[in-house]
Amino acid sequence: MASLAVPKPPARTRRSLGGGVGPIGLGVATLWLSLIVLLPLAAVLTKSLEGGLGGFWDAISAPSARYALLLTTAISALVALINVVTGTLIAWVLVRDDFRGKSLVNAIIDLPFALPTIVASIVLLSLYGPRSPVGIHLYATKPAVILALAFVTLPFVVRSVQPVLMEVDREAEQAAASLGASGWTTFRRIILPALYPALLGGAGLAFARAIGEFGSVVLIGGGIPRDTEVASQYIAKQIETDRPASAAAVSVALLLISFAVLFAIRWFTKRKDVG
Amino acid sequence: MSTRIALRSVALTYLGVLVVVPLAMIFYRTFEDGFVAFFESVTTPAAISAISLSLTIVAIVVPLNVVFGLVTALALARGNFPGKGLLQAVVDLPFAVSPVIVGVALILFWGNDGWLGGAFPVIFSLPGMVLATVFVTLPFVVREVEPVLREIGTEQEEAASTLGASRWQTFWRITLPAIRVGVGYGVVLTVARSLGEFGALTVVAGGVAGESQTLTLLVHARYIDDHNTFGAYSAATVLMGLALVTLVLMTLLERRREA
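Just so we're clear, the structure is a prediction, and the values are computed from it rather than from any experiment. (Residues numbered from 1 in each chain as written. Chains lettered and ligands numbered in written order. Predicted model: local features only at pLDDT ≥ 70, side-chain atom pairs only at ≥ 80, totals over all residues.)

Caption draft 1: Layout of the overall build of chain B. Within chain B, the secondary structure is distributed over eleven helices and zero strands. Element order for chain B, N to C, with α for helix and β for strand: α-α-α-α-α-α-α-α-α-α-α. In terms of its C-alpha atoms, chain B occupies a principal-axis envelope of roughly 65 × 65 × 35 Å. Looking at chain B as a whole, 50% of its 259 residues are labelled buried. (Helix = DSSP H or I, 4+ residues; strand = E, 2+ residues; numbered from the N terminus. Buried ≥ 20, exposed ≤ 12 C-beta atoms within 10 Å, placed from the backbone.)

Encoded structure:
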């Protein structure tokens, strides 16, 4: 079906090589993407393998590096999980509930995307930092890192679940309710299965965002090695202290984790669609 | 009914604790000593230079992203060539790469010990900051424009060229008007992300006050190096104001797109 959506005028096979922009346009686009994105990333890969696979392994299994990678992965998974619960809840309230100021709440969801990450960090510090007016001091603790990541990943699950929730068949729900199913049973048996792909997709994006996050964590997290230092902070520190090979190796490890998760989710949701 | 109220309360409390109250707090801290103190704090020479550097980067990045983004979107939406799937994946790559890794990549490619052997002195100067910002904002215009291009199809363009319009005429009179909302949306996203970029810039920018310090780097430097919490809050409030403008523009464009 998807291929039908792309009209291919048969009389124009010569020009369709690069579409409306021709082969030159295609060349320009390829060159642009290579120079900006692909070649610099390739430079990271080659640098990480400068000392062979052994050197790569040594770099990522140095105590602080390994700790940072494990901490980042674990906290990102936790944050994705938190988002699955709170994101579904918020989407539910936005779709099914009705109250004054709902459209304002709906707009607030996008704020974390619009706000610079460093602002996110300082915003959370003003309330939960050293001068906290409510007496909650989270500076340089793991909960602070979780809080910062929950802030920046807030929109992902909400925005992926919300449209699906709007489309869910209300009749099946009413039928279930009339047959005596409780609200929770109806949600679990009727609505949740329909939400699975959207939930997985949203959680995957939240995880991928959290695992590479830097700006929102940098002020409130404290960056204490083997305590609250996340992988991106570790990488930045390696560059500062002029250890580019180590920075490159941890970068590649981080990218591999994030790609693996994104691919697994794409594969899983595709299989779900077919089955 | 009571479940509904309970769910609503939990959702609103979460948003309040996570987003609304912290935001209100920073506004309060910024303006607790009055507007004058805020104004003086964001008009120091270092702050003015940071604001103008941030805007300069935006002014360079946006046209680059629009031009190359349109070419890429056209190639992806209309073209049929081997390796198209790969090109699609490369366009999405910047979303999956940590900003810090972007900085590392630029140093290892453009830097003195990098692939190009420092032939182009871009690191720690404006070109390096522009390259970093272009990297992180590259998908926006492409991803906003490409689906619109697919949707409008090629019929009108073909009609125009049958009637003797040149390729440029077809592009300016037919294609561009049809995709302008998509382009606008992509530009707004690019501006927001450019102003807010921090991670990649901490690696490639020198961060020297008055020279290579953007607004986001200024917030960080004031908080960490100068222990000037109020100054950091003020600069963050300027960034928040810019983000709010972005959000309003996004909502307006969203309405136009749906209309």
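Caption draft 2: Molecular detail of the overall build of chain A. Scanning chain A from terminus to terminus reveals twelve helices and zero strands. Each helix and strand of chain A, placed in order from N terminus to C terminus, yields the pattern α-α-α-α-α-α-α-α-α-α-α-α. Once local pairs closer than 6 in sequence are excluded, the contacts in chain A between residues at least 24 apart make up 77%. (Contact = placed C-beta atoms within 7 Å.)

Caption draft 3: Inspection of helix H9 (residues 183-212) of chain A at higher detail. Compared with the 44 Å implied by 1.5 Å per residue over 30 residues, the 38 Å span of H9(A) between its first and last C-alpha is markedly short. A:Leu192 marks where H9(A) bends most, by close to 55°; the proline A:Pro193 follows one to four residues later. (Expected span 1.5 Å × (residues − 1). Bend = angle between axes of the 7 residues up to and from the residue.)

Caption draft 4: Quick peek at the domain arrangement of chain B. All names here are of chain B. Each assigned domain of chain B is listed here: domain 1 (1-32) and domain 2 (44-258). Look at where the C-alpha atoms of domain 1 and domain 2 centre, and you get two points 31 Å apart. In this assembly, four residues from domain 1 lie in contact with four residues from domain 2. Tallied by class, the residues present in the side of domain 1 that touches domain 2 amount to two nonpolar, one polar and one charged. (Domains from an automatic or database assignment. Nonpolar A, V, L, I, M, F, W, Y, C, P; charged D, E, K, R; others polar.)

Caption draft 5: Fine view of the domain arrangement of chain A. All names here are of chain A. If you check the domain split of chain A, you get domain 1 (12-48) and domain 2 (60-274). Between the C-alpha centres of domain 1 and domain 2 there is a distance of 32 Å. Residues that form the side of domain 1 that touches domain 2 fall into these classes: two nonpolar, one polar and one charged.

Caption draft 6: View of the UniProt feature "domain: ABC transmembrane type-1" (unreviewed entry) in chain A. The residues that UniProt annotates with the feature "domain: ABC transmembrane type-1" (unreviewed entry) are residues 69-265 of chain A. Taken end to end, residues 69-265 of chain A is 77% helix and 0% strand, and its first and last C-alpha atoms sit 21 Å apart. (UniProt positions renumbered as here; feature names shortened; annotations may be inferred.)

Caption draft 7: Structural view of the interface of chain B and chain A. Taken together, the 75 residues of chain B in the interface contact 73 residues of chain A. The element best represented in the side of chain B that touches chain A is helix H1 (residues 2-31) of chain B, accounting for 18 residues. Here the residues of the side of chain B that touches chain A are counted per class, giving 54 nonpolar, 15 polar and six charged.

Caption draft 8: Local environment of helix H4 (residues 84-96) of chain B. The first and last C-alpha atoms of H4(B) sit 19 Å apart over 13 residues, in line with the 18 Å expected at 1.5 Å per residue. When the local axis directions of H4(B) are compared, the greatest deviation, roughly 25°, occurs at B:Val90, which is followed within four positions by the proline B:Pro94. Within the span of H4(B), buried status applies to B:Val90, B:Val91 and B:Pro94. Close packing links the buried residues of H4(B) with helix H1 (22-48) of chain A together with helix H3 (45-78) and helix H6 (126-152) of chain B.

Caption draft 9: Representation of the packing of H3(B) against H6(B) in the model. All names here are of chain B. Two numbers describe how H3 lies on H6: the axes approach to 7 Å, and their chain directions differ by 40°. In this view, H3 runs oblique relative to H6, as classed from their interaxial angle. In terms of crossing hand, the pair formed by H3 and H6 is right-handed. Grouping the amino acids of the contact of H3 with H6 by side-chain chemistry returns 19 nonpolar, five polar and three charged. (Axes fitted to C-alpha atoms, helices over the stretch in contact; angles between N-to-C directions. Parallel < 35°, antiparallel > 145°, perpendicular 65-115°, else oblique. Left-handed = near helix turned anticlockwise from the far one by under 90°.)

Caption draft 10: Structural detail: the UniProt feature "transmembrane region" (unreviewed entry) in chain B. Residue and element names in this part refer to chain B. When the UniProt feature table is mapped to this numbering, "transmembrane region" (unreviewed entry) covers residues 12-31, 51-77, 89-110, 122-142 and 230-253. The distance separating the terminal C-alpha atoms of residues 12-31 is 26 Å; by composition the span is 100% helix and 0% strand. Span residues 89-110 is 91% helix and 0% strand, its end C-alpha atoms 23 Å apart.

Caption draft 11: Spotlight on the UniProt feature "transmembrane region" (unreviewed entry) in chain A. Residue and element names in this part refer to chain A. With numbering aligned to this structure, UniProt lists the feature "transmembrane region" (unreviewed entry) at residues 21-45, 65-95, 107-128, 140-158, 190-211 and 247-269. As a span, residues 190-211 carries 100% helix and 0% strand, and end to end its C-alpha atoms are 32 Å apart. Each end of residues 247-269 is marked by a C-alpha atom, and these two atoms are 33 Å apart; helix forms 100% of the span and strand 0%.

Caption draft 12: Just unusual backbone geometry, in detail. In this model, A:Asp242 sits at a positive phi of 60°, which is unusual for a non-glycine residue. In this structure, B:Phe124 is a non-glycine residue whose phi angle is positive, near 65°. Using a count of 18 C-beta atoms within 10 Å as the deciding quantity, one classes B:Phe124 as partly exposed.

Caption draft 13: The arrangement of the confidence of the model for chain B in detail. Mean pLDDT over chain B stands at 91; residues scoring 70 or higher make up 99%. Quick note on the complex model: pTM equals 0.91, ipTM equals 0.91. (pLDDT = per-residue confidence, 0-100.)

Caption draft 14: Quick peek at the UniProt feature "domain: ABC transmembrane type-1" (unreviewed entry) in chain B. Following the UniProt record, one finds the feature "domain: ABC transmembrane type-1" (unreviewed entry) at residues 51-251 of chain B. With 78% helix and 0% strand, residues 51-251 of chain B has its two end C-alpha atoms placed 25 Å apart.

Caption draft 15: Spatial organisation of the nonpolar core. Residues A:Ile122, A:Ala148, A:Val250, B:Val104 and B:Leu239 are the most contacted members of the largest nonpolar core, which totals 162 residues. Tallying contributions element by element places H3(B) first for this core, with 16 residues. (Core = buried A, V, L, I, M, F, W, Y, C linked by C-beta atoms within 7 Å.)

Caption draft 16: Summary view of the environment of A:Ser160. All names here are of chain A. In this structure, Ser160 sits in helix H7 (residues 142-167). Since 22 C-beta atoms lie within 10 Å of it, Ser160 is described here as buried. As for Ser160 and Ala91, which are separated by 69 residues in sequence, their C-alpha atoms are 8.9 Å apart. Other than its neighbours up to four places away in sequence, Ser160 contacts Ala198, Gly201 and Gly202.

Caption draft 17: Main features of the environment of B:Val245. Residues and elements named next belong to chain B. Mapped onto the secondary structure, Val245 falls in helix H11 (residues 229-258). Given 14 C-beta atoms within 10 Å, Val245 falls into the partly exposed group. Between the alpha carbons of Val245 and Val188 there is a distance of 9.6 Å; along the sequence they are 57 residues apart.

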